[in-house]
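Residue-level listing of the chains:
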Amino acid sequence: MTRWSATALHRKRPVRTALAAVILYACAGIHGAVAETLSDALVKAYRSNPQMNAERARQRATDENVPQALSGYRPQIVASLSAGMQAVRNLLPDNTRQSASLKPWEIGVTVTQTLFNGFRTANNVRVAELQVQSGREALRNVAQGVLLDAVTAYTNVVANQSLVEAQRSNVTFLKETLAITERRLQAGDVTPTDTAQAEARMRRGLADLNAAEVLLAVSQATYNQVIGNNPGQLRRAEPADRLLPTSRDAALAGALHEHPAITAASFDVDIATTTIHLAEGTLLPSATLQGSISRSRQDDPTLGTSATDQASIVGSITAPIYDGGMAASQTRQAKELTTQSRLVLDQVRGQTRTAVVGAWVANEGAKVAVEASEAELRAATVALEGVRRESQGGQRTTVEVLNAQADVVLAKAHLISAVRDRVIASYTLLSAVGHLDVKTLNLNTPDYLPEAHYHQVRDAWHGLRTPSGQ
C-alpha cells in the first residue's frame, strides 16, 4: 500500500466507526419513541401467551384439589324421595282373592359425618396443598420458558432485520460495481471475465438477500406465535448483565436454592412421602356417625291410609381385617414412588447445575464473540476501502474488490449473529439461575399471583361458578 493510501485510510477511521454504529443500531431498527422495546414484547407475552394462560388455568384447577380434600371433614347430606304404584293380590282362607292398588311414597334426609378414617382426610389435605405449591413452582418455570422464548423471538427478528438490511446494502454495492465494471469494459480497462465475475457476485447477492428475507419472515411468524402480534419497529435489545450473578459460584448457589424446577421437585418428594401415610391409613379403623329422618305414607283401600315417621342416629366403627392385599400393595407402591421422586430431585439438581455452568460459559463466550466480530468488521471495512482505492489506481483487480466486499458482508453477518447470541445468552443464564421473572425484569405489568385464586376457592362450601364468573 502506498503512503498516500495509508494516510487516506487513517483519515477514514471516523467513517469506519460510524459504519459500525450504523450496522449495530440503524439496521437493528431503532426508530425513536415509536419502536417497540424488548420489555414491551415481554409484557405482551406474559399477559397473552397461550402456553402461559393454559398453565395458569391448570394451576387454578389444581387449587380445587384442596377444597375437595377438605370436604372429607364436612358432613354429607343426602335427600331421598320415592313414590310409585303397587298392585297387591291376596288369597284369603275362603279361597277368595282380594286385590288392591297401593300408592306408597317416602321422603327422607340422611346426614353422615366421618369421625375418623385413619387420618386419610388430613393426609389428603396435605397432599392437595403440596400439589398446589408444586404447581406454583411449575407455573414459575413455564413463565421463565415463555419469557425466554419471547427474548429469542424478539432478538431473532431484530437480527434478521439487520441481516436483510446488510444484504440489501451488499446488493446495492454489487450492482454499482457491475455497472462500473461494464463501463470500464467498454473503455477497455478490464476484460469480459471481470464483468462476468461482477455479475456472478451480484446474482449471489440477490440469492443471499432472498434467503435473509425468508429467515425474517419465519422469525416474524414465530414472534407472532410467542408474543401475540406481528412485529413492527423493534429496538435493539440489550443484554441482561446488570441482573446476573457476579460469579459462577454465586449463580450455582442461587439456582440450587431458588430455581423453580428444583423447588417443584422438592414438593413432589413431600407429596410422595405423604402418599405413603395416606396408603397406610386404609389399614386403620374408621368411625362414622349417621343421622336420618324420614316419612312414609301408603294408601290402602282396605286398611285406609297409613303414615310412618322415622328418625335415627347410628354410630359405626369398621376395622379392615383383610382386603386381598390391596392396601399393602398401595403402600409398597407409594414407597417406591417416593424413592423415584427423590431420584428425580437429584436429577433435576444435576440438570440445573449443568444448565447454569453451560449458560455461564456461553454468556462469557458470547462477550468474546462480539468483541472479535467487531474487530473483524473494522478490519474488513479498512481492507475494502484500501482495495477500492488501489483498484481505482489499477493496482487491484475487480475480483479482489468483490472478495473484500464479501469479507465485509460476512463480518457484518458474524457481528449481527454475535450480538443476537449475546442477548440470548444473558437471558438464558438468568433463566438458568431461576430469576427470569416479572419482578426481576421490572416489567410494566402486574405479576400473576396464583395465591389470589387459591384463597378464593379454598374454603368454598358450595357454588358452581369459578371466581372469574364461568
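Scroll up a little and you will see the structure.
The structure reproduced in this document is the subject of the present report. (Residues numbered from 1 in each chain as written. Predicted model: local features only at pLDDT ≥ 70, side-chain atom pairs only at ≥ 80, totals over all residues. Heavy atoms only, no water.)

What to know about the pattern of salt bridges
Two side chains carrying opposite charge are able to pair once their charged atoms lie near each other. All told, the structure shown has 16 salt bridges when counted by the stated rule. Glutamate 199 is paired through a salt bridge with arginine 203; the nearest N and O atoms lie 3.9 Å apart. Of this pair, glutamate 199 and arginine 203 both sit in helix 7 (residues 192–227), four residues apart, which is roughly one turn of that helix. Here arginine 396 makes a salt bridge to glutamate 390, at a shortest N to O gap of 2.5 Å. Residue arginine 396 is classed as partly exposed on the basis of its relative accessible area, which comes to 33%. Assessed through its relative accessible area of 8%, glutamate 390 is described here as buried. Three or more residues are tied together by salt bridges with common partners; here these are Glu129, Arg458 and Asp459. (Salt bridge = Lys/Arg side-chain N within 4 Å of Asp/Glu carboxyl O. Helix = DSSP H or I, 4+ residues; strand = E, 2+ residues; numbered from the N terminus. Buried < 20%, exposed > 50% of the residue type's maximum accessible area, 1.4 Å probe, protein only.)

Points about the packing of aromatic side chains
Inspection of every chain in the model, using the stated rule, returns two aromatic pairs. Centroid distance phenylalanine 116 to phenylalanine 119: 5.0 Å. Interplanar angle 85 degrees. Geometry classified as edge-to-face. According to the relative accessible area criterion, phenylalanine 116 is partly exposed, its value standing at 30%. Ring geometry for tyrosine 154 and tyrosine 223: centres 6.4 Å apart, planes at 40 degrees, overall tilted. Here tyrosine 154 is found in helix 6 (residues 120–187), whereas its partner tyrosine 223 is found in helix 7, with 69 residues between them in sequence. Positioned above the aromatic ring of tyrosine 448 is the side chain of arginine 56, whose terminal nitrogen or guanidinium carbon lies 4.8 Å from the ring centre. (Phe/Tyr/Trp six-rings, centres within 6.5 Å; stacked < 30°, edge-to-face > 60°. Lys NZ or Arg CZ within 6 Å of the ring centre and 35° of its normal.)

Let's talk about the side chain of glutamine 59
Tracing the sequence through the fold places glutamine 59 in helix 4 (residues 50–63). One polar contact links glutamine 59 to arginine 58, side chain to side chain, over a distance of 3.2 Å. Discounting residues that sit within four places of it in the chain, glutamine 59 has contacts with Val132, Gly135, Arg136, Leu139 and Pro450. (Polar contact = N/O pair within 3.5 Å; in protein donor to acceptor, adjacent residues only side chain to side chain. Contact = heavy atoms within 4.5 Å.)

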